[in-house]
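# Analysis of the macromolecular model
Spelled out from the first residue to the last, the chains are:
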Amino acid sequence: MWFNEGDYRTHTVYGTGHIGEPPPDPAGTIEVLRREFCRAAAKGYVSYLMDFGWNWFYDRDVIRTVGELEQVRDFMTEAGLERHAEIAAVADQESQLYYNYFGTPLKLRAGILDRLGAEVDFYELRDFLADEAFRRYRMVVFLNVCALSEAERTALERVKSDGRLLLWMHTPGVVNLSRRGGDPDADLAALTGLRLATGRPVQGPIRLQDDAYARLFAAALPDGSLYSGPGAEVRQTVPLRDTSLSDCCGPMQAGNALADVACVDPEAVALGRDAAGECRLALRRFADWTAVYTASCLLRPEILTGLARLAGCHVYLDSSDVLFAAGRFVAVHAASAGDKRVRLPERTDVIEIFTRQVLGRQVDEVVLPMRWGETRLLYLGDPAAATARLDALAAAQARDAAAFAAAHPAPAVTLPFFRQQRLQRPAAGVGPFPLKALAPSAFLYAGPYPATPEASAAIAALAAAAKTGAALPRRAPDEAPLPDDEAPRRQADRYLYLEALTPARDPAGGLGPWQAGSVPGPWLDDYQVGAGEGQAFLIAFYLEGQPGQAVELAIRARGQARAWFDGDDLRGPAGAMGTIVTLTRPRHLVMIHVVNTGGPAGLSCKILAPGQTALPGQQLQQPPEGVGVWLAPE
């Protein structure tokens, strides 16, 4: 039994270190939660959400999505989750003791095997060999079987049958656990079926041989690289501290570590060579099986997809997007925007579960127009029956939730800034406040106001008047009083939703008083500031920096929103995530008007240096140098 700890970063946090950055908005969080749910459901494990930051999952969109996924889980369980994978990925426990933790073929499981477009089962070597479980697979990827006993080598001979394709990675079988000494080259040849020679260091990158590769796979890869994703670089690790408990450990390679093994088999097809012409990716056909060897730890998904087709496996996708499948369920997560062509094992009706959209009747393929990062879940079966059952599950969940709420009523929380002012309110004074995790750690709040054209006009007039610098207070902002029953309320859950709307202010009498607010992360929800459905609020802060400095403002909102920079509508060149502005004086006023038109609303404002991106392997942890936030000018 394996329980997966889901440390999924959501839009409510930012700057989470080397692990990576979260989605920039609620829509991205929903797609990530759906993707990880589909992975767990298809592969048959259970996940739990681990809230390291105490506020990652306390969000209405997250809670609603989790509830919807629980309904889908029940439906999938009732419909049956059968595994029909034709590809097995095999790892060996003992062999991992002989590998560098930072450079191992096991890393192929991290975001690569999920993108080859077909189902993959994962095995430990002994389970794979027991009861001849291997018989059901057409292709086997041996990830890290470098240390094997004679009994295991003998058992593996049975796998070389039934037209199966076996992919051997890095240093298969170079360590013999049954005897000392011996001939590694002979052990390699006996295990893999290929003549391989050790002691031949790789010279430069490995490049695919276009002619041979195209003849075999009917298409050449555009850049001819063996692997070009995260971890493609090879670096030296520090002995002892990074890789071993023993001080006799020499420098070891990390990333896509390349073995000093070359294929010297004249009967093999050389698919990849290094700069010295040594063959590092090779294939050889035998009467009843096919052997493939790669000296690398990592292979790009397109190569694995080509091998799967060569082995006769059913491939749903050939676009290197993420795919999970189990029986009548197929999930796709878009690694890039565009149309995704999903080829089905047989003709069937198809419905998309999250949108309830019927995609086809008795079809053997569907085309999904998808945004980058979007997740879709297909059910191959009767759409009417699926919709009826999902509706019934949703109604049952709503009844259970209502019964729980009636039995455990939550205390009323209606005070604007209840969370911010009592937890991390700004210190007395007006600033400066350093940027934390690329987001303003302090700001001014006004509202809530009715979401009417008159209120919107009053707020726009305030923004226009702000050009003179006289519209916002030149003093420390006011703080709202504590609730009368402070102690009971402060003992309540910090993240309760509003039980009732906060009374809206009349903008005709002016847009004050301003209140000070601060959030631990970059996302601010309407229920945290006290605005409810049909209401609006206004956020303002002064951005401090050096004249001539370029800053990127990445503002995202759910609901309607409008932003001003020094009283003018925010505009400028598009950056990686937002709008680039150039500072012309020490402080500039940023104002954001958010309207809750029905349902959740809120905003995030991340402040970046132009050119920063959230691509794999790059982090957005530091704000632009010298940039800070003031609540009000002196």
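This is a predicted model, so every value here is computed, not measured.

The next thing to look at is the packing of helix 2 (residues 60-79) against helix 9 (residues 383-407). Two elements in contact, helix 2 and helix 9, have axes whose closest approach is 9 Å; the angle formed by their N-to-C orientations is 130°. Compared by their axis directions, helix 2 and helix 9 come out oblique. Considering the relative orientation of helix 2 and helix 9, their crossing is right-handed. Facing helix 2, whose interface residues are G67, E68, E70, Q71, V72, D74, F75 and E78, helix 9 presents A386, R389, L390, L393, A394 and Q397. Across the contact of helix 2 with helix 9, the residue classes break down as six nonpolar, three polar and five charged.

Here we come to the nonpolar core. Ranked by size, the top nonpolar core spans 38 residues in total, and within it L108, M139 and L307 carry the most contacts. At four residues, helix 8 (residues 301-310) tops the list of elements feeding residues into this core.

What follows covers helix 8. Given 3.6 residues per helical turn, the α-helix brings residues three or four places apart onto the same face. Burial within helix 8 is extensive, with seven of its ten residues counted as buried. Among all positions of helix 8, only P301, I303, L304, T305, G306, L307 and A308 are buried. Among the residues trailing helix 8, G312 stands out with phi positive, at a value near 85°.

Attention now goes to the sheet that holds strand 19 (residues 338-352). Strand order in the open sheet made by the five strands is 17-18-21-19-20, with antiparallel pairing throughout. Here the strands that pair on one side only, and so sit at the sheet edges, are strand 17 (322-326) and strand 20 (357-370). Taking the axes of each pair of neighbouring strands and ignoring which way they run, one obtains an average angle of 15° across the sheet. Across five bridges, the pairing between strand 17 and strand 18 (residues 329-333) is antiparallel. Each residue of the ladder has a partner; that of A325, found in strand 18, is V330. Helix 1 (residues 26-43) contacts strand 17, strand 18 and strand 21 (375-380) of the sheet and is inclined by roughly 40° relative to strand 17.

Before going further, it helps to examine helix 6 (residues 184-192). When helix 6 is considered as a whole, its buried residues turn out to be D187, L188, L191 and T192. The buried residues of helix 6 occupy an angular sector of 105° when projected down its axis, which confines them to one face. A distance of 3.1 Å separates the backbone nitrogen of D185 from a side-chain oxygen at the start of helix 6, and that oxygen is part of D183. G193, located one to two residues past helix 6, shows a positive phi value of around 85°.

How each quantity is defined
- Residues numbered from 1 in each chain as written.
- Predicted model: local features only at pLDDT ≥ 70, side-chain atom pairs only at ≥ 80, totals over all residues.
- Heavy atoms only, no water.
- Axes fitted to C-alpha atoms, helices over the stretch in contact; angles between N-to-C directions.
- Helix = DSSP H or I, 4+ residues; strand = E, 2+ residues; numbered from the N terminus.
- Parallel < 35°, antiparallel > 145°, perpendicular 65-115°, else oblique.
- Left-handed = near helix turned anticlockwise from the far one by under 90°.
- Contact = heavy atoms within 4.5 Å.
- Nonpolar A, V, L, I, M, F, W, Y, C, P; charged D, E, K, R; others polar.
- Core = buried A, V, L, I, M, F, W, Y, C linked by side-chain atoms within 4.5 Å.
- Buried < 20%, exposed > 50% of the residue type's maximum accessible area, 1.4 Å probe, protein only.
- Pairing = 2+ DSSP bridges.
- Arc of directions from axis to C-beta.
- Polar contact = N/O pair within 3.5 Å; in protein donor to acceptor, adjacent residues only side chain to side chain.

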